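# Fold and geometry: a report
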Amino acid sequence: MSQTYKSIRISDDASQAIKDFTLPEDLAFGKVMAPVMIEADYANGKWGDFNLVPYRKLTLDPTCKTLHYAQEIFEGLKAYHTNGDGPFLFRPEENFHRFNLSAQRMAMPDLPRDGFMDGVEAITKYCSHLIPQSSGDSFYIRPFMFATDNNLGIKPSETFKFMILASPSQAYFSSGSVKVLVERNAVRACPGGVGHAKTGGNYAASLLSMIEAKKAGFDQVLWLDAVTKTNIEEMSGMNFFAVYGDKIRTPNLSETILNGITRKSIIKLANHLGYEVEEQEMSIDQLIADIKEGKCTECFACGTAVIITPIRSLGNSANDIIELAHAEGPVSMKLRQELLNIQEGTGEDPFGWRISLKD
Ligand code: COI
């Protein structure tokens, strides 16, 4: 180890791995991985060194607790380098705080701020020439932590691994084409559970419904609350919004809803642009009635990967579908562009969300 970036040790072979790497032309989203990654291990009650090392496969004992009991958390954030301007990170501190909230819920150790923030910066800076430069493209950064104790006992692991991977990615977006199935049976999260934590199990729990929705001709699933199955919670792995003229509604946060960083950014940005945003309980039946009466004209979902995607229709089944009047999403597309301008550095940043990593 000869170099460091802040608290991160840079291995000699990391620099070589970056030199040897050629970026493919076709990137898609999350498929091509940067040639380096951050790695740190936790044992005996403390974190070891945080290192930038070449990307490589892991060797796991088959009894590794994560494989059996899913003691695992992750984050997702993006760096932008549009037209070679940047790189810029978007609100990484928010991801750090949410990471440690997820860690607490999943009985995992806190991560030191420097390990997370310096790690995100180091992988972005060392790979800045690998960040695609077209608008909407990004460097998708995936910090995660998982249990590494090797035994089948059901008790919290005492050892963990933290890693950060990164993926040069094209925009993850489909304009106005999302057909959504209201999931009236299965639920994503329940009170007292782990719905507000960014842990793999929440995503695993959603997959079967997604398969069934696709079979019925839909693209995504709208989740309702587990207790009454009447109130909207999330859409797939994203937060949900509905547009009523110059008012925008979104379900209020609870322990069953992920506190989305794009969600909270959109609320602030929409307020700034003159919309009133109401965070409240949202009945699915009321929403459908409002769409039928023309009161609600547009719905959209948001998340780090997609930023914002307008919704074309909501359905209870293949034969019971209601189309949104403004499926192309004029309000959502405006919010998306304004947010992207902040993220990519092409617009004002009135909230101080953009972190520049320019030399
Ligand atoms: C997000 O975009 O925020 C997500 O959680 C999607 C990601 C798991 C690909």
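Residues numbered from 1 in each chain as written. Predicted model: local features only at pLDDT ≥ 70, side-chain atom pairs only at ≥ 80, totals over all residues. Heavy atoms only, no water.

## Section: the overall build of the protein
Worth spelling out the cut-off: In this description a helix means any DSSP run of H or I spanning at least four residues, a strand means any run of E spanning at least two, and both kinds are numbered starting from the N terminus. For the radius of gyration, the atoms used are the C-alpha atoms, and the globule rule reads 2.2 Å times the number of residues raised to 0.38. To sort residues, take the accessible area from a 1.4 Å probe on protein chains only and compare it with the maximum for the residue type: under 20% means buried, over 50% means exposed, and anything in between is partly exposed. We call two residues contacting when some pair of their heavy atoms lies within 4.5 Å. The protein chains shown are the only cover counted for residues, whose accessible areas, like all others here, come from Shrake-Rupley with a 1.4 Å probe. Under this rule, positive means Lys or Arg and negative means Asp or Glu; His and the chain ends count for nothing. Taken as the charge centre is NZ of Lys, CZ of Arg, CG of Asp or CD of Glu, depending on the residue.
A count of helical and extended segments in the protein gives nine helices and 20 strands. In summary, the protein has a C-alpha radius of gyration of 21 Å against a globular reference of 21 Å for 359 residues, a match within 12%. By the burial criterion, 54% of the 359 residues in the protein qualify as buried. Within the protein, residue pairs in contact and separated by at least 24 positions form 71% of the contacts whose partners lie at least 6 positions apart. Total accessible area on the protein is roughly 15,400 Å²; 50% of this is exposed by carbon and sulfur atoms. Within the protein, one finds 36 positive and 45 negative side-chain charges whose respective centroids are separated by 1 Å.

## Thoughts on the nonpolar core
Put simply, the test is: Nonpolar cores were defined as sets of buried Ala, Val, Leu, Ile, Met, Phe, Trp, Tyr and Cys residues, with membership established by side-chain atoms within 4.5 Å.
Within the largest apolar cluster, 41 residues are counted, with the highest numbers of intra-cluster contacts made by Ile38, Trp47, Ile141, Met145 and Phe162. Here this core takes five residues from helix α4 (residues 113-126), the largest share from any one element. Aside from chain neighbours lying at most four places away, what touches Met145 is Trp47, Gln71, Glu72, Ile73, Phe99, Ala103, Met108, Pro109, Phe160, Lys161 and Phe162. Within the second largest apolar cluster, 24 residues are counted, among which are Val182, Ile232, Ala242 and Ile284.

## Structural notes on the domain arrangement of the protein
Put simply, the test is: Marked domain ranges trace back to an automatic or database domain assignment. Once two parts are brought into contact, the accessible area they lose, counted with a 1.4 Å probe and summed over both, makes up the buried area.
Domain parsing of the protein yields domain 1 (3-169) and domain 2 (178-344). Computed over C-alpha atoms, the centres of domain 1 and domain 2 are 28 Å apart. Residue-level contacts link 25 residues of domain 1 with 23 residues of domain 2. A combined buried area of about 2,000 Å² lies between domain 1 and domain 2, and 57% of that area is made up of carbon and sulfur atoms. Looking at the side of domain 1 facing domain 2, the largest losses of area belong to Phe90, Arg98 and Arg105, adding up to 31% of the total buried there.

## Thoughts on the pairing of strand β13 (residues 232-235)
To be explicit about the condition: By definition, two strands form a pair when at least two bridges between them are found by DSSP.
In terms of strand pairing, strand β12 (residues 220-224) meets β13 through two bridges, oriented antiparallel. Bridge pairing in β13 links Leu224 to Ile232. Judged from the two bridges that link them, β13 and strand β14 (residues 238-244) form a sheet pairing that is antiparallel. From the neighbouring strand, Met235 faces β14, where its bridge partner is Met238. Between β13 and β14, which follow one another and run antiparallel, lie two residues, and Ser236 among them has a positive phi close to 55°.

## Digging into the pattern of salt bridges
For the record, the criterion: Salt bridges are defined as contacts in which a side-chain nitrogen from Lys or Arg sits within 4 Å of a carboxyl oxygen from Asp or Glu.
Per the stated rule, a full pass over the model turns up 17 salt bridges. The salt bridge partner of Glu75 is Arg98, with a shortest N-O separation of 2.7 Å. A residue pair is termed long-range when its members are at least 10 positions apart, and Glu75 in the loop between β6 (72-74) and β7 (77-80) and Arg98 in helix α3 (residues 92-105) qualify at 23 residues. Accessibility classification places Glu75 together with Arg98 in one group, the buried group. In this structure, the salt-bridge partner of Glu93 is Arg113, at a minimum N-O distance of 2.8 Å. With Glu93 in helix α3 and Arg113 in helix α4, this pair connects stretches of sequence that are 20 residues apart. For Glu93, a relative accessible area of 29% translates into the label partly exposed. Salt bridges sharing common partners tie together Glu39, Asp41, Arg56 and Lys161.

## Some details on the packing of aromatic side chains
Applicable threshold: Two rings from Phe, Tyr or Trp (for Trp, the six-membered ring) form a pair when their centres are within 6.5 Å of each other. A pair whose planes differ by under 30 degrees is stacked, one over 60 is edge-to-face, and the rest are tilted. Sitting over a ring, as applied to charges here, requires NZ of Lys or CZ of Arg to be within 6 Å of the ring centre and within 35 degrees of the ring normal.
Under the definition given, this model contains 16 aromatic pairs. Their ring planes at 15° and their centres at 6.0 Å tell us that Phe144 and Phe146 sit as a pair that is stacked. Assessed through its relative accessible area of 16%, Phe144 is described here as buried. One aromatic cluster in this structure is built from Tyr42, Trp47, Phe50, Phe96, Phe99, Phe116, Phe160 and Phe162. Its end group placed over the ring of Tyr244, Arg249 keeps NZ or CZ at 4.2 Å from the ring centre.

## Some words on the site of the ligand
Worth spelling out the cut-off: Note on definitions. A residue lies near a molecule or strand when any single heavy atom of the residue is within 4 Å of it. A 3.5 Å cut-off defines polar contacts: any pair of N or O atoms within that distance qualifies, except that in protein one atom must be a possible hydrogen donor and the other a possible acceptor, and neighbouring residues in sequence count only when both atoms are side-chain atoms. Under the grouping applied here, Gly and all other residues not named as nonpolar or charged are polar, the nonpolar ones being Ala, Val, Leu, Ile, Met, Phe, Trp, Tyr, Cys and Pro and the charged ones Asp, Glu, Lys and Arg.
Close to the ligand lie Tyr140, Arg142, Lys198, Tyr203, Gly237, Gly303, Thr304 and Ala305, which account for all nearby residues. At a separation of 2.8 Å, an oxygen atom of the ligand approaches a polar side-chain atom of Lys198. In this structure, an oxygen atom belonging to the ligand sits 2.7 Å away from a main-chain N or O atom of Ala305. Coverage of the ligand by the protein chains reaches 78% of its 280 Å² of free accessible surface. Across the shell around the ligand, the residue classes tally to three nonpolar, three polar and two charged.

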